[in-house]
Amino acid sequence: MFLIGSLNKLPKETKFYPPNLMELRLSDSVLEADPMPILQELPNLRNLQLLSSSYVGTNMACSSNRFLRLGSLTLSDLRQLEELKLEEGAMPGLMSLEIIECLQMRVLLHGLLHLKNLGQVKLRRINPQLLEDFESSEGEQFGRIRFINSIIYRKALRMMKYADHHGFPIITFIDTPGAFADLKSEELGQGEAIAKNLRTMFGLKVPIISVVTGEGGSGGALAIGCANKLFMLENSAFYVAREILIPEACSAILWKSAQAAPKAAEKLRITAQEHYRFKIADGVIPEPLGGAHADPLWTSQQIKFAITQPMEELGKMDTEELIRHRMEKKHEGI
């Protein structure tokens, strides 16, 4: 269910919601009251996205033993949000957490360490201090969350080998701020995992197309981005040297504010338009007003239109030509 537009308040009783509601997206709802106490009572909810001023308050809280089936949570463009508090036992099955453009968020989520199944955390265009606090946090549980990258790279490689074995073309979708460059990550084989992906992808015998849907950061993006064709959504970015070129960090240094991230991205020449101009990207895919998340169905159709013909062209190449094309593509990018 996708609800767009201002709402006075959410219905408190669950009977007003579809009994099997599994996915809910709210955008521009301008809710003043915390929606979590109501939404956490939906028994089958698995994917929750609060987008673009859907909530204009400062705090959200989730009770223990609620959101039992929730697997994915996205908070995007909630400009007033300062804290999301999770009591122990809340969201026990959460696997993916994404926080985008919550610029006032100062406090790292309480209860994050209790999320045993959490395997993916994306923090984008947020307060630089919050990002720094997260990355510098110590302890076994924080380590488990931060070092999941090496496992993800190996899973991606396993699926690409499977596709190669059965002759299936490969399409990868890139949206990662990059790998964490620290001692623990290397101890767990992150560098080796990325290098193995790079080496293997250059030798795969099937066509590969990569699409950057958000951030394409550093080795994390390259680990699934050694493709014959690279396409980028018009608001996406592709860059290396994460600690230096990430737009939020650059804007905080030069303009003393993370809100200047779009200006920084333009100056750093890491935007889709710059990559297309330099022939690193093979095409720029349009997004709807407000970004891809405002209309995912329309965006997915644009992606389909962009990659269909190139995939047909790549499918006519023999194995040796495909591999040579992929190598030459990377050399041209360099």
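Conventions we followed
- Residues numbered from 1 in each chain as written.
- Predicted model: local features only at pLDDT ≥ 70, side-chain atom pairs only at ≥ 80, totals over all residues.
- Heavy atoms only, no water.
- Helix = DSSP H or I, 4+ residues; strand = E, 2+ residues; numbered from the N terminus.
- Buried < 20%, exposed > 50% of the residue type's maximum accessible area, 1.4 Å probe, protein only.
- Contact = heavy atoms within 4.5 Å.
- Areas by Shrake-Rupley, 256 points an atom, 1.4 Å probe, with all protein chains shown as cover.
- Salt bridge = Lys/Arg side-chain N within 4 Å of Asp/Glu carboxyl O.
- Pairing = 2+ DSSP bridges.
- Core = buried A, V, L, I, M, F, W, Y, C linked by side-chain atoms within 4.5 Å.
- Polar contact = N/O pair within 3.5 Å; in protein donor to acceptor, adjacent residues only side chain to side chain.
- Phe/Tyr/Trp six-rings, centres within 6.5 Å; stacked < 30°, edge-to-face > 60°.
- Lys NZ or Arg CZ within 6 Å of the ring centre and 35° of its normal.
- Patch = residues over 30% accessible without salt bridge, like charges linked within 9 Å, V, L, I, M, F, W, Y side chains within 5 Å.
- Arc of directions from axis to C-beta.
- Axes fitted to C-alpha atoms, helices over the stretch in contact; angles between N-to-C directions.

Caption draft 1: Broad picture of the overall build of the protein chain. A tally of regular secondary structure across the protein chain gives 13 helices and 13 strands. Here the protein chain holds 334 residues, and the buried ones make up 49% of them. Taking the intrachain contacts of the protein chain between residues at least 6 apart in sequence as the baseline, contacts between residues at least 24 apart amount to 66%. As displayed, the protein chain offers around 16800 Å² of accessible surface, 55% of which is attributable to carbon and sulfur atoms.

Caption draft 2: Looking closely at the pattern of salt bridges. Going through the model one piece at a time under the given rule, you end up with nine salt bridges. Ionic pairing is found between Asp 77 and Arg 79, a salt bridge with its closest N-O pair at 2.3 Å. On the basis of relative accessible area, Asp 77 is assigned to the buried category, the value being 16%. Residue Glu 101 pairs with Arg 79 through a salt bridge whose shortest N-O separation is 2.9 Å. With Glu 101 in the loop between β7 (96-100) and β8 (120-124) and Arg 79 in the loop between β5 (72-76) and β6 (83-86), this residue pair connects regions lying 22 residues apart in the sequence. Of the residues examined, Glu 101 reaches a relative accessible area of 23% and is grouped as partly exposed. Given the relative accessible area of 36%, Arg 79 is considered partly exposed.

Caption draft 3: Summary view of the pairing of strand β4 (residues 59-62). Burial along β4 is one-sided: the face carrying Met 60 and Cys 62 is buried and the face carrying Asn 59 and Ala 61 is not. When β4 meets β6, the two strands line up parallel, connected through four bridges. Its bridge partner lying in β6, Cys 62 is registered against Leu 86.

Caption draft 4: Structural context of the nonpolar core. Within the largest apolar cluster, 37 residues are counted, with the highest numbers of intra-cluster contacts made by Leu 48 and Leu 73. Elements supplying a minimum of two residues to this core: β2 (23-27), α1 (36-39), β3 (47-51), β4, β5, β6, β7 and β8. The element contributing the most residues to this core is α1, with three residues. Dropping the residues within four chain positions of it, Leu 73 is found in contact with Met 36, Leu 48, Leu 84, Met 91, Leu 94, Ser 96, Leu 97 and Glu 98. Counting residues in hydrophobic clusters, the runner-up holds 11 residues, among them Phe 231, Ala 292, Ile 307 and Met 311.

Caption draft 5: Up close: the environment of Arg 79. It is 8.9 Å that separates the C-alpha atoms of Arg 79 and Gly 57, two residues lying 22 residues apart in sequence. Setting aside chain neighbours within four positions, we find Arg 79 in contact with Glu 101, Leu 103 and Gln 104. A distance of 2.9 Å separates polar atoms of two side chains, one belonging to Arg 79 and the other to Glu 101.

Caption draft 6: View of the environment of Ile 99. Summarising the element assignment, Ile 99 is placed in strand β7. Under the relative-accessibility criterion, Ile 99 is labelled buried at 1%. Considered as a pair, Ile 99 and Arg 125 are 26 residues apart in the sequence and their alpha carbons are 8.4 Å apart.

Caption draft 7: Examining the packing of aromatic side chains more closely. For the structure shown, the criterion picks out zero aromatic pairs. The aromatic ring of Phe 2 is capped on one face by Arg 25, whose charged end is 4.0 Å from the ring centroid. Positioned above the aromatic ring of Phe 278, the side-chain terminus of Arg 277 is 4.6 Å from the ring centre.

Caption draft 8: Seen up close, a nonpolar patch on the surface. Judged by side-chain polarity, Met 159, Tyr 162 and Phe 168 come together as a nonpolar surface patch covering roughly 330 Å² of accessible area. Relative to the helices and strands, Tyr 162 is located in helix α4 (residues 149-166). Using a relative accessible area of 46% as the deciding quantity, one classes Tyr 162 as partly exposed.

Caption draft 9: Main features of unusual backbone geometry. The phi dihedral of Ser 52 is positive, around 40°, even though this residue is not glycine. In this fold, Ser 52 is placed in the loop between β3 and β4. The phi dihedral of Lys 279 falls on the positive side, at around 65°, and the residue is not glycine. Take Lys 279: it is sitting in the loop between α11 (272-277) and β13 (283-285).

Caption draft 10: Focus on helix α10 (residues 261-268). Where α10 is concerned, the buried positions are Ala 261, Ala 264 and Ala 265. The arc that holds every buried residue of α10, seen down its axis, measures 100°, which confines them to one face. Facing away from the buried side of α10, by more than 90 degrees, are the exposed residues Pro 262, Glu 266 and Lys 267.

Caption draft 11: Broad picture of the sheet that holds β3. An order of β1-β2-β3-β5-β7-β8 is seen for the six strands of this open sheet, with the pairing classed as parallel. The sheet is open, and its two borders are formed by β1 (2-4) and β8, each paired with just one other strand. Taking the axes of each pair of neighbouring strands and ignoring which way they run, one obtains an average angle of 5° across the sheet. Note that β3 and β5 share five bridges and pair parallel. Among the inter-strand pairings, Leu 51 is bridged to a residue of β5, identified as Ser 76.

Honestly, it's all geometry; don't read function into it.
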